[in-house]
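The lines below spell out each chain.
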Amino acid sequence: MSLKISGIVEFIRMHRDEIMKDWIDRFNKADAQSISAESDQIDQAIAAEYVNILIEWSKNKEDEFSRKIHEFSKRIVQLDWPMDKIAQCLHTFEKILFAKLLEKQIPGDPLELLSEIEKVTSPVNREVFLQYTSSYERTINLQKMALQELSAPLIPVFDSITVMPLIGTIDTDRAKRIMENLLKGVVKYRSEVVLIDITGVPVVDTMVAHHIIQAAEAVRLVGAKSLLVGIRPEIAQTIVNLGIDLSQITTKNTLQKGIEAALEMTNRKIVSMGERR
Amino acid sequence: MDGQSCVMIMNEWDIVAARQLGRHAAKELGFGAVDQARITTAISELARNIYHYANGGKIYIDKIEEKEKKGIKITASDHGPGIPDIRKAMEDGFTTSGGLGAGLPGVKRLMDEFYIDSKTGEGTVVQVVKWLR
Ligand SMILES: Nc1ncnc2c1ncn2[C@@H]1O[C@H](COP(=O)(O)OP(=O)(O)O)[C@@H](O)[C@H]1O
Ligand SMILES: [Mg+2]
């Protein structure tokens, strides 16, 4: 006759202190060489909470139980351990528990014991990993949003003149956003001239060029003018090699020259107030 | 980096990875800023074609040496639908996707040597070389 789940839980309850001590010792020792900071060690409180959950899970009502697992998982995620370390820690618990069961000569087929142990621990472990992945997905999504906000900024520099400085790689998503923001900006700031600064764009291939051409055309259609500035010399040469025709687009080599041109196009000019000393 | 390196092209970010690898190799070989830009742009075109038309493939980057000459060789290989009419595809402005159609002919002008082989239903291989001078 083998030990059923309730038996395992009972066993954990009876030998709780021993199991916990072994678990903490074994895990923290195995980990000692790599990391020694306090925060990297599994502490008494967390170990106790885990064991408590295992012991109480059969007693608790379903939703009470899942709330507890949920809270525990959150705490684990907050430790900020790498996934493999969490896995190793939880696995160590199973190994310790198994060793204890054998040590106390609990009757039953060892293989079956292992699978019973797994039935006890897996609902909790599963929730821990679910929490872990969803917390990382959240982080990645937030960073994605932050990046998107930075991806096509529009800066009104003078009345009716705006600048869009582009830095970094332009992919399809970003190209779409550039176009949208340019058009929105023209309306919102009542721009007559928009300057697209590509000083920080590492590669201008035919796709990027195509998007720039389309954006300039769209700006023209809403009644404004666009200026392309910041074409580095090596980029200018590759554009020529590629055979891309940018003759329909006004270009200036620096942002400063572009702004001067934009002021001129809107009948203005920067003048100095008399002589500087 | 020695010998050959390879990047699988599955999504748009792999194109950036292939470009960076190529730029790094070109810099190591001693190519100047303009040639680095040419090589990187050529990789970008070939990788994007793989991503766009072949639904995945590979970019290989080799440093090569031949009779006192040093250079970089880029090989773009895929098992996509192939190009039915290579001569047409090499014409400036020919595109089946509403692009600029300047990719393949542009790459040929950006680099020193250009080979293309494509079979309908089997895939496409484009190999280009830039020599250091
Ligand atoms: N790897 C490829 N597999 C299949 N077709 C391709 C591949 N590369 C290019 N082509 C075909 O050749 C045409 C021309 O390519 P290209 O010169 O890069 O211009 P574009 O990508 O702007 O259309 C493409 O429109 C496409 O039909
Ligand atoms: Mg192309």
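Residues numbered from 1 in each chain as written. Chains lettered and ligands numbered in written order. Predicted model: local features only at pLDDT ≥ 70, side-chain atom pairs only at ≥ 80, totals over all residues. Heavy atoms only, no water.

**Observations regarding the overall build of chain B**
Line of reasoning, step 1. Scanning chain B from N- to C-terminus turns up 4 helices and 5 strands.
Line of reasoning, step 2. Helices and strands appear in chain B in the N-to-C order β-α-α-β-β-α-α-β-β.
Line of reasoning, step 3. The C-alpha radius of gyration of chain B comes to 14 Å, within 12% of the 14 Å expected for a compact globule of 133 residues.
Line of reasoning, step 4. Dimensions of chain B, computed from the C-alpha atoms along their principal axes, are close to 40 × 25 × 25 Å.
Line of reasoning, step 5. Looking at chain B as a whole, 50% of its 133 residues are labelled buried.
Line of reasoning, step 6. For chain B, the share of sequence-separated contacts (at least 6 apart) that also reach a separation of at least 24 residues comes to 60%.
Line of reasoning, step 7. Taken as a whole, chain B presents about 6,800 Å² of accessible surface, with 48% of it coming from carbon and sulfur.
Line of reasoning, step 8. Separation between the mean location of the 18 positive side-chain charges and that of the 18 negative ones in chain B comes to 3 Å. (Helix = DSSP H or I, 4+ residues; strand = E, 2+ residues; numbered from the N terminus. Rg over C-alpha atoms; globule rule 2.2 N^0.38 Å. Buried < 20%, exposed > 50% of the residue type's maximum accessible area, 1.4 Å probe, protein only. Contact = heavy atoms within 4.5 Å. Areas by Shrake-Rupley, 256 points an atom, 1.4 Å probe, with all protein chains shown as cover. Lys, Arg positive; Asp, Glu negative; His and termini not counted. Charge placed at Lys NZ, Arg CZ, Asp CG, Glu CD.)

**Observations concerning the sheet that holds strand β3 (residues 69-78) of chain B**
Residue and element names in this part refer to chain B.
Line of reasoning, step 1. Reading across the sheet, the 5 strands line up as β1-β2-β3-β5-β4 and stay open at both edges, with antiparallel pairing between neighbours. Both outer strands of the open sheet, β1 (4-9) and β4 (113-119), are each paired with one neighbouring strand and no more. Strand-to-strand twist across the sheet, computed as the mean angle between neighbouring axes with direction ignored, equals 15°.
Line of reasoning, step 2. The sheet contact formed by strand β2 (residues 57-66) and β3 spans 10 bridges and is antiparallel. Bridging across to β3, I64 finds its partner in G71.
Line of reasoning, step 3. The strands that helix α1 (residues 12-29) touches are β1, β2 and β3; relative to β1, the one it contacts most, it runs at about 160°. (Pairing = 2+ DSSP bridges. Axes fitted to C-alpha atoms, helices over the stretch in contact; angles between N-to-C directions.)

**Considering the site of ligand 1**
All names here are of chain B.
Line of reasoning, step 1. Near ligand 1 there are 18 residues, and of these N49, Y53, T95, T96 and L104 occur at the shortest range.
Line of reasoning, step 2. In this structure, D78 approaches ligand 1 through a side-chain N or O atom, which is 2.9 Å from a nitrogen atom.
Line of reasoning, step 3. Backbone polar atom of L100 to an oxygen atom of ligand 1: 3.4 Å apart, as the coordinates give it.
Line of reasoning, step 4. A total of 530 Å² of accessible area belongs to ligand 1 in isolation, and the protein chains cover 91% of it.
Line of reasoning, step 5. The set of elements that each furnish at least two residues to the shell around ligand 1 consists of α2 (33-54) and α4 (103-110).
Line of reasoning, step 6. With 3 residues, the top contributor of residues to the shell around ligand 1 is α4. (Near = heavy atom within 4 Å. Polar contact = N/O pair within 3.5 Å; in protein donor to acceptor, adjacent residues only side chain to side chain.)

**With respect to a nonpolar patch on the surface**
Residues and elements named next belong to chain A.
Line of reasoning, step 1. A contiguous nonpolar surface patch, about 350 Å² in accessible area, is contributed by I155, V157, F158 and I270.
Line of reasoning, step 2. With respect to the helices, strands and loops of the structure, I270 is situated in the segment after α10 (255-265).
Line of reasoning, step 3. Classification of I270 by relative accessible area gives exposed; the value is 61%. (Patch = residues over 30% accessible without salt bridge, like charges linked within 9 Å, V, L, I, M, F, W, Y side chains within 5 Å. Salt bridge = Lys/Arg side-chain N within 4 Å of Asp/Glu carboxyl O.)

**Topic: α4(B)**
Since one α-helical turn is 3.6 residues long, residues separated by three or four positions face the same way.
Line of reasoning, step 1. Burial analysis of α4(B) places 6 of its 8 residues in the buried class, the great majority of the element.
Line of reasoning, step 2. For α4(B), every residue scored as buried is listed here: G103(B), L104(B), P105(B), G106(B), V107(B) and L110(B).

**Regarding the packing of α2(B) against α4(B)**
Two quantities define a packed helix pair, namely the angle between the helix axes and the distance between the axes.
Residues and elements named next belong to chain B.
Line of reasoning, step 1. One can describe the packing of α2 onto α4 by two numbers: an axis separation of 9 Å at closest approach and a directional angle of 155°. With respect to their mutual orientation, α2 and α4 come out roughly antiparallel. Crossing geometry of α2 relative to α4 is assigned as left-handed. Contacts between α2 and α4 involve R38, T41, A42, E45, L46 and N49 from the first element and G103, L104, V107 and L110 from the second.
Line of reasoning, step 2. Taken together, the residues of the contact of α2 with α4 sort by class into 5 nonpolar, 3 polar and 2 charged. (Parallel < 35°, antiparallel > 145°, perpendicular 65-115°, else oblique. Left-handed = near helix turned anticlockwise from the far one by under 90°. Nonpolar A, V, L, I, M, F, W, Y, C, P; charged D, E, K, R; others polar.)

**Considerations on the UniProt feature "domain: Histidine kinase/HSP90-like ATPase" (unreviewed entry) in chain B**
Line of reasoning, step 1. UniProt marks residues 34-133 of chain B with the feature "domain: Histidine kinase/HSP90-like ATPase" (unreviewed entry), using the numbering shown here.
Line of reasoning, step 2. A helix fraction of 33% and a strand fraction of 36% characterise residues 34-133 of chain B, whose end C-alpha atoms lie 13 Å from each other. (UniProt positions renumbered as here; feature names shortened; annotations may be inferred.)

**Focus: the sheet that holds strand β2 (residues 161-167) of chain A**
All names here are of chain A.
Line of reasoning, step 1. Spatially, the 5 strands line up as an open sheet ordered β1-β2-β3-β4-β5, and their pairing is mixed. Either end of the sheet is taken by a strand with one partner, and the two such strands are β1 (155-158) and β5 (250-252). Each adjacent strand pair in this sheet contributes to an overall mean axis angle of 30°, direction not counted.
Line of reasoning, step 2. Each of β2 and β3 (193-200) touches helix α7 (residues 172-188); the most contacted strand, β2, lies at about 165° to it.
Line of reasoning, step 3. Each of β3 and β4 (225-229) is contacted by helix α8 (residues 206-221), which is oriented at about 150° to β4, the strand it contacts most.

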